[in-house]
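Secondary and tertiary structure notes
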Amino acid sequence: MADLVVDHVSKTFPTRSEPLHVLRDVSLTLSAGENLAIVGPSGSGKSTLLQIIGTLDRPTSGSITLDGDNPFALAEAKLAHFRAQRIGFVFQEHHLLPQLTVLENVLVPTLAEGSPGKEAVEHARELLARVGLGERLEHRPAELSGGERARVGVARALIHRPALLLADEPTGALDRATASVVGELLVKLQAQENTMLIVVTHSQELAALMQQRLELNNGHLSPQPPSQ
Ligand code: ADP
Ligand code: MG
């Protein structure tokens, strides 16, 4: 069985008039080491789907299982732990904490378990070296370029060795050349870590780096037709 199963997920937001059906019967599966791009126009529900897969929001109907576990059956505190341990998030806005160093930023997700031990610090250093920032450990985010901040975001997402890596427009704020470097880095680390990766993007260049491309349209998810 696949490691991630998204099964008949629908999401409807109530509004003052007609309810908004953002996702309609969306299903997908993914296994360790596989990656996938979800493309679609702005407002098509890409972020909503990623939030649900990331357990940050709940589906109106349908289910998600990760390595056989249903996160939505968990109580809130257990769900937060599940999310922190098993899912890594990369965002367009990297939400780095300006007062912390690069190394400290990568360690932020571990702080919920108390101050980071030697092993966590070693792992953070190693990840930062692998994203090409081994010489920048003590720098603050303001001293980095946009591409370097994005790389810190990738390292931070991997600190708990997640089974699933989710990226919402990870290169959306970067120029084309930098976006391509960061996209390739993301795929390289995902392969090395043997995690699953889902990237939501409107960038065809980024989508082209993934093994599979699906398109969201009118709430339906289907294979992206090959470009003309
Ligand atoms: P995308 O990421 O593809 O641009 P989103 O998933 O952000 O699209 O949004 C899809 C649709 O759902 C949009 O019409 C948006 O306004 C609506 N939407 C998203 N979140 C909410 C919410 N919490 N409440 C109501 N409507 C929402
Ligand atoms: Mg979005």
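Data block above holds the structure.
Residues numbered from 1 in each chain as written. Chains lettered and ligands numbered in written order. Predicted model: local features only at pLDDT ≥ 70, side-chain atom pairs only at ≥ 80, totals over all residues. Heavy atoms only, no water.

A few words on the site of ligand 1. Taken together, Phe-13, Leu-20, Val-22, Pro-41, Ser-42, Gly-43, Ser-44, Gly-45, Lys-46, Ser-47 and Thr-48 are the residues near ligand 1. Gly-43 is positioned with one of its backbone polar atoms (N or O) 2.7 Å from an oxygen atom of ligand 1. In the model, an oxygen atom of ligand 1 is placed 3.2 Å from a nitrogen or oxygen of the Ser-44 main chain. For the shell around ligand 1, the secondary structure elements donating two or more residues are strand S2 (20-30) and helix H1 (46-53). Sorting elements by how many residues they give to the shell around ligand 1 places H1 first, with three residues. (Near = heavy atom within 4 Å. Polar contact = N/O pair within 3.5 Å; in protein donor to acceptor, adjacent residues only side chain to side chain. Helix = DSSP H or I, 4+ residues; strand = E, 2+ residues; numbered from the N terminus.)

Time to look at the pairing of S2. Of the pairings in the sheet, the one linking strand S1 (residues 4-13) to S2 comprises seven bridges and is antiparallel in character. Paired with Val-9 across the strands is Val-26, a residue of S2. Linkage of S1 to S2, two consecutive antiparallel strands, is achieved through a turn of six residues. (Pairing = 2+ DSSP bridges.)

Our focus in this paragraph is unusual backbone geometry. Even without being a glycine, Asp-67 presents a positive backbone phi close to 50°. Inspection of the secondary structure assignment puts Asp-67 in the loop between strand S4 (61-66) and helix H2 (76-86). Assessed through its relative accessible area of 40%, Asp-67 is described here as partly exposed. A positive phi angle, near 45°, is found at Glu-169, a position not held by glycine. Structurally, Glu-169 is set in the loop between strand S6 (164-168) and helix H6 (176-193). (Buried < 20%, exposed > 50% of the residue type's maximum accessible area, 1.4 Å probe, protein only.)

One recurring pattern in soluble globular proteins: nonpolar side chains tend to sit buried together. Membership of the largest hydrophobic core comes to 32 residues, with the highest contact counts inside it found for Leu-128 and Leu-186. For this core, the secondary structure elements donating two or more residues are strand S3 (35-39), helix H3 (102-107), helix H4 (118-130), helix H5 (146-157), S6, H6, strand S7 (196-200) and helix H7 (204-208). Beyond its immediate chain neighbours, meaning those up to four positions away, Leu-186 contacts Val-90, Val-154, Leu-165, Ala-167, Pro-170, Leu-197 and Val-199. Residues Leu-23, Ile-52, Ile-64 and Phe-82 belong to the second largest nonpolar core, which totals 28 residues. (Core = buried A, V, L, I, M, F, W, Y, C linked by side-chain atoms within 4.5 Å. Contact = heavy atoms within 4.5 Å.)

Let us look at H6. The end-to-end C-alpha separation of H6 is 26 Å, in line with the 26 Å expected for 18 residues at 1.5 Å each. Structurally, the start of H6 carries an N-cap: the backbone nitrogen of Ala-177 is 3.2 Å from a side-chain oxygen of Asp-175. In the stretch just after H6, Asn-194 is the one whose phi turns positive, near 55°. (Expected span 1.5 Å × (residues − 1).)

The strands making up a sheet associate through backbone hydrogen bonding, with each pair oriented either parallel or antiparallel. Spatially, three strands are ordered S2-S1-S4 in an open sheet, and the strand pairing comes out antiparallel. Strand pairing shows two members of the sheet lacking a second neighbour, S2 and S4, which therefore form its edges. Geometrically, the sheet is characterised by an average inter-axis angle of 20° between neighbouring strands, direction not taken into account. Here five bridges tie S1 to S4, and the two strands are oriented antiparallel to one another. Counterpart to Ser-10 in the pairing with S4 is Ser-61. The strands touched by H1 are S1, S2 and S4; relative to S1, the strand with the most contacts, the crossing angle is about 125°. (Axes fitted to C-alpha atoms, helices over the stretch in contact; angles between N-to-C directions.)

Our focus in this paragraph is the packing of aromatic side chains. Following the criterion strictly, the structure yields one aromatic pair and no others. With 5.9 Å between their ring centres and 5° between their planes, Phe-89 and Phe-91 make a pair best called stacked. Given a relative accessible area of 17%, Phe-89 falls into the buried group. The class for Phe-91 is partly exposed, based on a relative accessible area of 27%. (Phe/Tyr/Trp six-rings, centres within 6.5 Å; stacked < 30°, edge-to-face > 60°.)

Let us now look at the sheet that holds S7. Strand order in the open sheet formed by six strands is S5-S6-S7-S3-S8-S9, and the pairing between neighbours is mixed. Two strands bound the open sheet, and with one partner strand each, they are strand S5 (87-91) and strand S9 (220-223). Put simply, the sheet's adjacent strands are angled 20° from each other on average, direction ignored. Here three bridges tie S3 to strand S8 (residues 213-217), and the two strands are oriented parallel to one another.

No statement about biological role is implied by the geometric values presented.
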